[in-house]
Amino acid sequence: MPIENVTDATFQREVHQSDLPVLVDFGTDWCAPCKAIEPVLQEIAAEMDGKVKIMKANLDRMPEVAQSLGVRGIPALFLFHGGQVVANRTGIASKRALQEWIANSV
């Protein structure tokens, strides 16, 4: 499953009401580390299809959501399960580290 974009209009439905855990990748188009982590998240999304949904949120277009979650640096990864934040982390990481973080958080 490819990574889809989430917006203010779809955040409630796609994240809070999802039956699956949802990893939301908060970043921007101009952030080099955000671009660097994207291929890793694409691989994880393909491997965990049906188990975890991965979505991308552009902070430049969703400042209110980011502020409500306390996003301070990017890329910021927030893992939601049952509509609640169960874990978050900031910065880039290896594929293995991200897989372990997801597995240990849901």
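Residues numbered from 1 in each chain as written. Predicted model: local features only at pLDDT ≥ 70, side-chain atom pairs only at ≥ 80, totals over all residues. Heavy atoms only, no water.

## With respect to the nonpolar core
Part 1 of the reasoning: Counting 17 residues, the largest nonpolar core has Leu 23, Leu 41, Ile 54, Leu 98 and Trp 101 as the members making the most contacts within it.
Part 2 of the reasoning: Among the elements of the structure, α2 (32-47), β4 (76-81) and α4 (95-105) are those that each provide at least two residues to this core.
Part 3 of the reasoning: Not counting chain neighbours up to four residues away, the residues in contact with Trp 101 comprise Leu 23, Leu 77, Leu 79, Ala 87, Asn 88 and Arg 89. (Core = buried A, V, L, I, M, F, W, Y, C linked by side-chain atoms within 4.5 Å. Buried < 20%, exposed > 50% of the residue type's maximum accessible area, 1.4 Å probe, protein only. Helix = DSSP H or I, 4+ residues; strand = E, 2+ residues; numbered from the N terminus. Contact = heavy atoms within 4.5 Å.)

## Looking at the sheet that holds β4
Part 1 of the reasoning: Within the open sheet, the 5 strands sit side by side as β1-β3-β2-β4-β5. Their pairing is mixed. At either margin of the open sheet sits one strand with a lone partner, and together these are β1 (4-6) and β5 (84-90). Averaged over all adjacent pairs, the angle separating strand axes in this sheet is 30 degrees, with direction ignored.
Part 2 of the reasoning: In the sheet, strand β2 (residues 22-27) pairs with strand β3 (residues 53-58) via 6 bridges, with the strands oriented parallel. When the bridges of β3 are listed, Gly 27 appears paired with Asn 58.
Part 3 of the reasoning: The sheet strands contacting α4 are β2, β4 and β5, and the helix crosses β5 at an angle near 160 degrees. (Pairing = 2+ DSSP bridges. Axes fitted to C-alpha atoms, helices over the stretch in contact; angles between N-to-C directions.)

## A closer look at the UniProt feature "site: Deprotonates C-terminal active site Cys" (unreviewed entry) in the protein
Part 1 of the reasoning: Per the UniProt entry, the sites bearing "site: Deprotonates C-terminal active site Cys" (unreviewed entry) are Asp 25 in this numbering.
Part 2 of the reasoning: Within the element layout of this structure, Asp 25 appears in strand β2.
Part 3 of the reasoning: Overall, Asp 25 belongs to the buried group, its relative accessible area being 2%.
Part 4 of the reasoning: Once residues within four sequence positions are removed from consideration, Asp 25 is found in contact with Ile 37, Leu 41, Met 55, Lys 56, Ala 57, Pro 75, Ala 76 and Leu 77. (UniProt positions renumbered as here; feature names shortened; annotations may be inferred.)

## Some points on α4
Because each turn of an α-helix spans 3.6 residues, side chains separated by three or four positions end up pointing in the same direction.
Part 1 of the reasoning: For α4, the full list of buried residues reads Leu 98, Trp 101 and Ile 102. Viewed along the axis of α4, the buried residues span an arc of 95 degrees, placing them on a single side of the element. In α4, those exposed residues whose orientation departs by more than 90 degrees from the buried face are Arg 96, Ala 103 and Asn 104.
Part 2 of the reasoning: On the buried face of α4, the contacting elements are β2, α2, β4 and β5. (Arc of directions from axis to C-beta.)

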